[in-house]
Amino acid sequence: MTVGSGLRGSFPLTIESIDKELKFIAPGTFGLGVLGHDGRFMLLYVGRSDSDVRKALKTFVGKANRFKFEYYDDPEQAFFKECEIFHFMKPKANKSHPQRAEGMPWRCPHCGVY
Ligand SMILES: [Zn+2]
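Note that the coordinates shown come from a computational prediction; the quantities given were computed from them, not determined experimentally.

A. Just the pairing of strand β4 (residues 66–71), in detail. Two strands pair when backbone bridges link them, and strand β1 (residues 8–12) and β4 are joined in this way by four bridges, in the antiparallel orientation. Within β4, the residue paired with Phe 11 across the bridge is Phe 67. Relative to β4, strand β2 (residues 28–35) runs antiparallel, the two sharing six bridges. Looking at β4, one finds that Leu 32 is bridged to Phe 67.

B. Inspection of the nonpolar core at higher detail. Ranked by size, the top nonpolar core spans 10 residues in total: Phe 41, Leu 43, Val 46, Tyr 72, Ala 78, Phe 79, Phe 80, Cys 83, Ile 85 and Phe 86. Only β3 (41–49) and α3 (75–89) provide two or more residues apiece to this core. Per-element accounting of this core gives the leading share, six residues, to α3. Each residue touching Val 46, except ones within four places of it in the same chain, is listed here: Thr 29, Gly 31, Glu 82, Ile 85, Phe 86, Pro 91 and Asn 94. In terms of nonpolar packing, the next biggest core, distinct from the first, is built from nine residues, Leu 32, Leu 57, Phe 67 and Phe 69 among them.

C. Looking closely at the environment of Glu 76. For Glu 76, the location among the structural elements is in helix α3. Remark: the alpha-carbon pair of Glu 76 and Trp 106, spanning 30 residues in sequence, is separated by 6.8 Å.

D. Structural detail: α3. Its 15 residues give α3 an end-to-end C-alpha distance of 21 Å, which sits within 8% of 21 Å, the value for a rise of 1.5 Å per residue. Within α3, the full set of buried residues consists of Pro 75, Ala 78, Phe 79, Phe 80, Lys 81, Glu 82, Cys 83, Ile 85 and Phe 86. Of the surrounding elements, those touching the buried residues of α3 are β2, β3 and β4. Positioned one or two residues after α3, Lys 90 has a phi angle of 45°, which is positive.

E. Examining the sheet that holds β4 more closely. The sheet built from four strands is open, its strands ordered β1-β4-β2-β3 with antiparallel pairing. If you trace the sheet from one side to the other, it starts and ends with β1 and β3, each paired once. For this sheet, the mean inter-axis angle between neighbouring strands, taken without regard to orientation, is 25°. The strands touched by α3 are β2, β3 and β4; relative to β3, the strand with the most contacts, the crossing angle is about 150°.

Definitions and cut-offs
- Residues numbered from 1 in each chain as written.
- Predicted model: local features only at pLDDT ≥ 70, side-chain atom pairs only at ≥ 80, totals over all residues.
- Pairing = 2+ DSSP bridges.
- Helix = DSSP H or I, 4+ residues; strand = E, 2+ residues; numbered from the N terminus.
- Core = buried A, V, L, I, M, F, W, Y, C linked by C-beta atoms within 7 Å.
- Buried ≥ 20, exposed ≤ 12 C-beta atoms within 10 Å, placed from the backbone.
- Contact = placed C-beta atoms within 7 Å.
- Expected span 1.5 Å × (residues − 1).
- Axes fitted to C-alpha atoms, helices over the stretch in contact; angles between N-to-C directions.

Below, the structure is given as structure tokens:
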């Protein structure tokens, strides 16, 4: 085992699969990617939703093959996880630092951006 993202999955990035794997409306962090030749998930993008990670994932159907996710009770926790993955796994499709929710004083634990 290599060090992973700590997210559940991966699962096929389809509406049917998202509805099957995500039963609740809640904040969460997700990773999008593809399967490499060795069958391992390769992360290309990390994102989050502060209210409904299932709905957010559905907007990416067709843009990647696989997804991973985890729910968080609190959107700040989802932000922390997003920052951790952004800094340590450096997904290629993330061009800029994860954004805080509007007006929130959240601090990224890994850098000085926030
Ligand atoms: Zn940071």
